[in-house]
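# Topology and contacts: notes
Here is how the chains run, residue by residue.
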Amino acid sequence: MRYVQIDTQSDPQATSFPSTEKQKNLSRILVQELQQMGITDAHLDDYGYVYATIPSNTSKQVPVICYCSHVDTAPDCTGMNVKPLVHENYNGGDIVLPDDPSQVISPTDHPYLLKKKGEDIITASGTTLLGADDKAGVAVIMDMAHYFTSNPGVPHGTIKILFTPDEEIGRGVDKADLKKLGADFGYTLDAGELGAYEDETFSADGVTITFHGVSAHPGYAKDKLVNALKVAAAFLETLPKEELSPETTEKRKGFVHPVRMAGIAEKATLEFIIRDFITAKLAEYEDLLRQKLNETLKRFPGAKADFAVKEQYRNMKEVLDKYPQVSANAKEAIKRAGVPLLEMSARGGTDGSRLSFMGLPCPNIFTGEMAFHGKHEYVSVQDMQKSVETIVHLACVWEEKSR
Ligand SMILES: [Zn+2]
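The present account deals with the structure reproduced in this document. Just so it is clear, the structure is predicted and the values come from calculations on it, not from any experiment.

Moving on to the overall build of the protein. Summing up its helical and strand segments, the protein has 9 helices and 17 strands in all. Its C-alpha atoms give the protein a radius of gyration of 24 Å, near enough to 22 Å, the size a compact globule of 403 residues would have. Taking all 403 residues of the protein together, the buried fraction comes to 53%. Sequence-distant contacts, at least 24 apart, represent 79% of the contacts inside the protein between residues at least 6 apart. Of the roughly 18,000 Å² that the protein leaves accessible, carbon and sulfur atoms contribute 51%.

Our focus in this paragraph is the coordination of the zinc ion. Looking at the zinc ion, one finds its protein donor set to be His70 (NE2), Asp133 (OD), Asp190 (OD) and Asp190 (OD), positioned 1.9 to 2.5 Å from the metal centre. Geometry at the zinc ion is irregular, judged from its 4 donor atoms and the angles of 53 to 140 degrees they form at the metal. Positions of the donor residues of the zinc ion along the chain correspond to the pattern H-x62-D-x56-D. Residue His70 is located in strand β3 (residues 65-70), and its partner Asp190 is located in strand β9 (residues 185-191); the two are separated by 120 residues in the primary sequence. By the burial criterion, His70 is buried, and Asp190 matches it.

Further remarks concern the sheet that holds strand β14 (residues 304-313). Across the sheet, 4 strands lie side by side as β12-β13-β11-β14; this open sheet has antiparallel pairing. Pairing within the sheet leaves two strands with one partner each, and these edge strands are β12 (255-263) and β14. Averaged over all pairs of adjacent strands, the angle between strand axes in this sheet comes to 20 degrees, irrespective of strand direction. Where β12 lies against strand β13 (residues 267-276), 8 bridges are found, and the strand directions are antiparallel.

Side chains that are three or four residues apart share a direction in an α-helix, a result of its 3.6 residues per turn. For helix α1 (residues 23-36), with 14 residues, the first-to-last C-alpha span of 21 Å sits near the 20 Å given by 1.5 Å per residue. For α1, the set of buried residues is Gln23, Lys24, Leu26, Ser27, Leu30, Val31, Glu33 and Leu34. Summarising the contacts, the buried residues of α1 are in contact with β1 (43-44), β2 (50-54), α2 (132-150) and β8 (159-164). One or two positions beyond α1, positive phi appears at Gly38, with a value near 95 degrees.

This part takes up unusual backbone geometry. Residue Pro18 is reached from Phe17 by a cis peptide bond, and omega for that bond is -5 degrees. Note that Pro18 resides in the segment before α1. Residue Asp134 follows Asp133 across a cis peptide bond; omega there is 10 degrees. Along the chain, Asp134 turns up in helix α2. For Lys251, which is not glycine, the phi dihedral falls at a positive 50 degrees. By the secondary structure assignment, Lys251 is in the loop between α4 (228-237) and β12.

Attention now goes to the nonpolar core. Leu34, Tyr67, Met144, Phe148, Ile161, Phe163 and Tyr187 are the most contacted members of the largest nonpolar core, which has 58 residues in total. The dominant element in this core, judged by the number of residues it contributes, is α2, at 9 residues. Apart from the residues within four sequence positions on either side, Ile161 is in contact with Leu34, Val50, Tyr51, Ala52, Ile54, Cys66, Tyr67, Ile141, Met144, Ala145 and Leu181. Grouped together as the second largest cluster of nonpolar side chains are 21 residues, Val226, Ala228, Leu282 and Leu289 included.

As a further point, take the packing of α2 against helix α9 (residues 381-400). Contact geometry for α2 and α9: axes closest at 9 Å, N-to-C directions at 50 degrees. In terms of orientation, α2 and α9 fall into the oblique class. Crossing geometry of α2 relative to α9 is assigned as right-handed. Facing Ala136, Ala139, Val140, Ile141, Asp143, Met144, Tyr147 and Phe148 of α2, the residues of α9 in contact are Met384, Ser387, Val388, Ile391, Val392, Ala395 and Cys396. Tallied by class, the residues present in the contact of α2 with α9 amount to 13 nonpolar, 1 polar and 1 charged.

Take the packing of aromatic side chains next. We describe a pair of aromatic rings using the distance from one ring centre to the other and the angle between the two ring planes. The full count for this structure, using the stated rule, is 11 aromatic pairs. A centroid spacing of 4.7 Å and a plane angle of 40 degrees characterise the contact between Phe202 and Phe277, whose relative ring orientation is tilted. Taken as a pair, Phe202 in the loop between β10 (196-201) and β11 (203-212) and Phe277 in the loop between β13 and α5 (279-298) lie far apart in primary sequence, 75 residues in all. We note that Phe202, like Phe277, is buried. Sitting over the ring of Phe17, Lys175 keeps its end group 6.0 Å from the ring centre. Its guanidinium or amino end placed over the ring of Phe277, Arg252 lies 4.8 Å from that ring's centre, counting from NZ or CZ.

Okay, the pairing of β13 next. Most of β13 is tucked away: 7 of the 10 residues are buried. Bridge count between β11 and β13: 10 bridges; the pairing is antiparallel. Within β13, the residue paired with Thr210 across the bridge is Thr269. Hairpin remark: β12 followed by β13, antiparallel, with 3 residues in the connecting loop.

Parameters at a glance
Residues numbered from 1 in each chain as written. Predicted model: local features only at pLDDT ≥ 70, side-chain atom pairs only at ≥ 80, totals over all residues. Heavy atoms only, no water. Helix = DSSP H or I, 4+ residues; strand = E, 2+ residues; numbered from the N terminus. Rg over C-alpha atoms; globule rule 2.2 N^0.38 Å. Buried < 20%, exposed > 50% of the residue type's maximum accessible area, 1.4 Å probe, protein only. Contact = heavy atoms within 4.5 Å. Areas by Shrake-Rupley, 256 points an atom, 1.4 Å probe, with all protein chains shown as cover. Donors = N, O, S within 2.8 Å, 3.2 Å for Na, K, Ca; no water. Tetrahedral: all angles 85-135°; square planar, octahedral: opposite > 155°, others 65-115°. Pairing = 2+ DSSP bridges. Axes fitted to C-alpha atoms, helices over the stretch in contact; angles between N-to-C directions. Expected span 1.5 Å × (residues − 1). Core = buried A, V, L, I, M, F, W, Y, C linked by side-chain atoms within 4.5 Å. Parallel < 35°, antiparallel > 145°, perpendicular 65-115°, else oblique. Left-handed = near helix turned anticlockwise from the far one by under 90°. Nonpolar A, V, L, I, M, F, W, Y, C, P; charged D, E, K, R; others polar. Phe/Tyr/Trp six-rings, centres within 6.5 Å; stacked < 30°, edge-to-face > 60°. Lys NZ or Arg CZ within 6 Å of the ring centre and 35° of its normal.

Below, the structure written as structure tokens:
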């Protein structure tokens, strides 16, 4: 409740790191609270990362695990003056948000809510997002730290804590110092439904197509002018609509998704994100784009285009399959928390997908955060508690299975 009231929205347009200084306002409080628990090495670096260590209290050699969550909230919806509300003993009906009664969180749109009857649901008040993504994860990790520091008799190996800025704008691990962190395996706390466990993410590329038209004074442009905006629009129109689009696909299907269009008559750019669970499919989709592009250009003599592909992130399962104990221990911990396991594939990336390829294999564990990036975001207090239980058990499982 306290953490979400601190505005930590990140900004994709900013070039600084972190993208917004205000993210540190929360991070500083986290450091202070960790220090108060006796975690003396907790600190904030210039880039806005919080690092902290709960030292091992066992004589066994236990791999060092890290729990990680992000402090920033999505640029899609304001995070200023968030007023969190607890709806105790939720009755299963519509939740009308008081500051804008047209904002109604309804179980019709959010069927997961029906399973939360009788639980305590936290929402925002109707004019902002809540920020449970990922402050639910932050709170869960803080409570885990509180548990282990106040129960020193429970054996565990070294536990590292990492809070990152700028996850929502895809830069969450850009300045993470994994050497300094010194962890063998990580877990992000940034998945949704109770029991959800994600060891697979999309593989992702970005494609930028720049269209070059031919400019001429419009009064005297007959048979000369080629309008880059019209070429770009014609190209977009050739793309598949019933498939390969986020609005028409789900589960394991990938897509090709235009996210930004900009330009003038002379020059226009189109940006795409390309996604699939199978990395090889990205090249297939990019070939399809090239083919449609060439067909389009033929219809506009004089027009040219550049095509640039940029790798964004890769499916972390490619890494995690090499370290089966990371998932086995997480599943055991979820079971010990008395929660049914819900194996999921993230139709997106997480900090963990990039961390996995940087050398820190890092799947994603549930926190209860739901309907994120909008005003209807909510989280169940009881789901968060189960998340805490899970990661406490998880540290214990790693200790038990070590010698
Ligand atoms: Zn998140």
